[in-house]
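Chain residues, written in single-letter form:
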Amino acid sequence: MPELPEVEVVRRGLSRWVAGRTVAFAEVLHPRAIRRHVPGAAEFAGRLAGRTLVSAERRGKYLWLPLAESLNGSEGPAGGIPADAREAPPAGEEHGAAEALLAHLGMSGQLLVVEPGSTLEKHLRVRLGFDDGGPELRFVDQRTFGHLLVSRLLPLERPVPEPIAHIAADPLEEAFDDEAFAARLGVRQTEVKRALLDQSLISGVGNIYADEALWRARLHGGTPTRALSRRKIDELLAAVREVMAEALGQGGTSFDSLYVNVNGESGYFDRSLNVYGREGEPCGRCGAPVLREAFMNRSSYSCPRCQPRSAT
DNA sequence: ACCCCCGCCTGGCGGC
DNA sequence: TGCCGCCAGGCGGGGG
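What you see is a predicted model, and the numbers here were worked out from it, not measured in a lab.

Enquirer: What is the right way to look at the side chain of T225 in this model?
Expert: Here T225 is to be found in the loop between helix 5 (207–216) and helix 6 (230–249). Excluding residues within four positions of it along the chain, T225 makes contact with L185, R188, T190, E191, V192 and A195.

Here it is in C-alpha cells:
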C-alpha cells in the first residue's frame, strides 16, 4: 500500500531507469487504468509515442514524468544503456515540457522496469516500450485503484499536472508551510486524523502513517483540530516527517508482495510500525495493549494510555 | 464554502 | 472442500 515514502522510492527508481528515455510505444491492456484520461486509450498511446520522459517528479502520492519532444532528435543505439548515470533536468522548462504522464498507484499499483521479452504480469495494465530497446516500464495493478493519464502541466512556480492542482504540498516539500497548516487547523471543524488524511491540507499521509504519527505525537486521532496548540501541531508535523523519513530510509512499507519498488524489491518498514495493525500487542512505550477502533469503514490503531482522547 | 462519507474494485482469507 | 461475504486502501464527488 504505497504512501509517500513508497512513492518516493518509486520516483527514485523512475529517475534512475526511465528519465531521459524516449517512448517508442504505449500499450493499454486494461481501459480502467487510464479511466481519467478522458480522450481514451488510443489517444493516450498516441500522445506518448515519440515523447521523451524528461524527469520523475512527486507530490504526495502522485508521480509525474514531464514530456518533451524527443531529446536526441532520433533513435538511440539499440540495446541501450539505462539512464542511470544522469539525473535528468527538473520538471519542464529546460525542454519546454508542457505536458506530463501522471500516475497514482492507488493501493496496489506498481511501476516495474523489466526486460522487454519477459513474461507479462497477471495484472499488467499499461506497458511502455522505449526506442533504445532497453527495459520497458510496466504499470501493474491488481485492484485497479491506480491510474495513469497524460495532462497539461500548469505553468506555476513549480509546474504541476492540472488534475492535481488542488493537492496540497506534502510535508517533505520545501514549499510546505507549517504556519499556514497550523492556521487552517485552527479554524477547521474536524478531527486531527481526518485533517491528516485530507489531501487538500497536507498530502501524502495515508492511514498507516497517520496512525504512526499520532502515536509518536501522543495524540488521539479524534481530537478536534481546534483544541491543538501550535506546539502540539509542530510536534505532530515533526512526527509525520520522522516516520516518513524512517520509512524512506528502509525502502518503504510492505505488508505483502503487492507493493514493490520500481525494480520489484519489497520494502520492509512494516517491522518498524508501532501501532498500525498491532491490535492487542503491547505499546512499545507503556505496554498497554494497542486499541483498534472503527474509522470510516476501516480501522484506526492507537495506544489507549499514551493517546488519551483529551490530550492537546 | 465547508465537512462528511459513499462507492469504486479485486483478491485473500475467515467462517460456515 | 467450496463458497460467501467481509476487508483493505485513496480520493472524487455528491449530499447535507
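Enquirer: Whenever I open this one, the UniProt feature "binding site: DNA" (unreviewed entry) in chain A confuses me. Can you help?
Expert: Here the UniProt feature "binding site: DNA" (unreviewed entry) sits at H123, R143 and R188. Of note, R143 is situated in the loop between strand 8 (136–141) and strand 9 (147–154). For R143, the side chain forms a polar contact with the side chain of Q142, separated by 2.9 Å. In this fold, R188 is placed in the loop between helix 3 (178–187) and helix 4 (192–197). Dropping the residues within four chain positions of it, R188 is found in contact with D198, S200, L201, T225 and R226.

Enquirer: Hey, could you run me through the protein's contact with DNA strand B in this one?
Expert: Every residue close to DNA strand B is listed here: R32, H123, Q142, R143, T144, F145, R188, Q189, T190, R194, M296 and N297. Backbone atoms, meaning sugar plus phosphate, form 78% of the atoms of DNA strand B positioned within 4 Å of the protein. The side chain of T144 places a nitrogen or oxygen atom 3.5 Å from a sugar or linking oxygen of DNA strand B. Note that a phosphate oxygen of DNA strand B is positioned 3.1 Å from one of the side-chain N or O atoms of R194. Residue classes in the surface near DNA strand B are distributed as two nonpolar, six polar and four charged.

Enquirer: Explain the layout of surface pockets to me, please; I cannot follow it from the model alone.
Expert: The rolling of a water-molecule-sized probe over the atoms marks out the regions of remaining empty space. What the largest pocket holds in volume is close to 920 Å³. For the lining of the largest pocket, the secondary structure elements donating two or more residues are strand 5 (99–104), strand 9, helix 5 and strand 12 (298–302). Among the elements that take part in the lining of the largest pocket, strand 12 stands out by supplying three residues, more than any other. Counted by class, the lining of the largest pocket contains 16 nonpolar, nine polar and six charged residues. Both domains that meet at the lining of the largest pocket, namely domain 1 (4–164) and domain 2 (178–273), each give it at least three residues. In this structure, the second largest pocket spans a volume of roughly 210 Å³. Lining of the second largest pocket is provided by 16 residues; of these, H220, G222, E293, F295 and S300 occupy positions nearest its centre. When contributions to the lining of the second largest pocket are tallied by element, the ones reaching two or more residues are helix 4, helix 5, strand 11 (291–295) and strand 12. Of the residues in the lining of the second largest pocket, the class split is four nonpolar, six polar and six charged.

Enquirer: I tried to follow the state of the cysteines on my own but got confused; where do I start?
Expert: A disulfide bridge is the covalent bond that connects two cysteines by way of their sulfur atoms. Inspection of every chain in the model, using the stated rule, returns zero disulfides. Of all cysteine sulfurs in the structure, the one in C303 sits closest to C283, which takes part in no disulfide; the separation is 3.7 Å. Among the cysteines around C286, which has no disulfide bond, C303 carries the closest sulfur, lying 3.5 Å off. The partly exposed category is assigned to C286, whose relative accessible area is 26%.

Enquirer: Even after reading the chapter, I still don't get the protein's contact with DNA strand C, so can you show me in this structure?
Expert: Surveying the vicinity of DNA strand C reveals 18 residues, the closest of which are Y62, H104, M107, Y276 and R298. Here DNA strand C approaches the protein such that, of its atoms within 4 Å, sugar and phosphate make up 63%. In the model, a phosphate oxygen of DNA strand C is placed 2.7 Å from a nitrogen or oxygen of the Y62 side chain. Residue H104 places a side-chain N or O atom 2.5 Å away from a phosphate oxygen belonging to DNA strand C. When grouped by side-chain class, the residues that make up the surface near DNA strand C number five nonpolar, seven polar and six charged.

Enquirer: Looking at this model, I keep getting lost on helix 2 (residues 41–48). Mind explaining?
Expert: Residues separated by three or four positions in an α-helix point in the same direction, a consequence of the helix having 3.6 residues per turn. Within helix 2, the full set of buried residues consists of F44, A45 and L48. Projection of helix 2 onto a plane perpendicular to its axis shows the buried side chains occupying an angular sector of 95°, all on one side. Exposed residues pointing more than 90 degrees away from the buried face of helix 2 are listed as A42 and G46. Buried-residue contacts for helix 2 involve strand 1 (23–28), strand 2 (51–53), strand 4 (62–69), strand 5, strand 7 (124–130) and strand 9. G50 sits one or two residues past helix 2 and shows a positive phi near 85°.

Enquirer: Mind showing me how you'd approach the side chain of H37 here?
Expert: Residue position: H37 is located in the loop between strand 1 and helix 2. On the basis of relative accessible area, H37 is assigned to the buried category, the value being 3%. In terms of polar contacts, H37 uses its side chain to reach the side chain of E43, at 2.7 Å. Separated by 3.1 Å, the side chain of H37 and the backbone nitrogen of V150 make a polar contact. Residues contacting H37, with those up to four places away along its chain left out, are E43, F44, L148, L149 and V150.

Enquirer: How do you make sense of helix 6 when you look at a structure like this?
Expert: The terminal C-alpha atoms of helix 6, which comprises 20 residues, lie 28 Å apart, in line with the 28 Å expected from a rise of 1.5 Å per residue. Taken together, the buried positions of helix 6 are occupied by K232, I233, L236, L237, A239, V240, V243, M244, A247 and L248. One side of helix 6 carries all its buried residues, which in axial view fall inside an arc of 165°. Among the exposed residues of helix 6, those pointing more than 90 degrees away from its buried face are R231 and G249.

Reading the values: rules and limits
- Residues numbered from 1 in each chain as written.
- Chains lettered and ligands numbered in written order.
- Predicted model: local features only at pLDDT ≥ 70, side-chain atom pairs only at ≥ 80, totals over all residues.
- Heavy atoms only, no water.
- Helix = DSSP H or I, 4+ residues; strand = E, 2+ residues; numbered from the N terminus.
- Contact = heavy atoms within 4.5 Å.
- UniProt positions renumbered as here; feature names shortened; annotations may be inferred.
- Polar contact = N/O pair within 3.5 Å; in protein donor to acceptor, adjacent residues only side chain to side chain.
- Near = heavy atom within 4 Å.
- Nonpolar A, V, L, I, M, F, W, Y, C, P; charged D, E, K, R; others polar.
- 1 Å grid on protein atoms, 1.4 Å probe; cavity = no way out; pocket = protein on both sides within 12 Å on 5 of 7 lines; lining within 4 Å.
- Points joined across faces, edges and corners; volume = space filled by probe spheres on them.
- Domains from an automatic or database assignment.
- Disulfide = S-S within 2.5 Å.
- Buried < 20%, exposed > 50% of the residue type's maximum accessible area, 1.4 Å probe, protein only.
- Arc of directions from axis to C-beta.
- Expected span 1.5 Å × (residues − 1).

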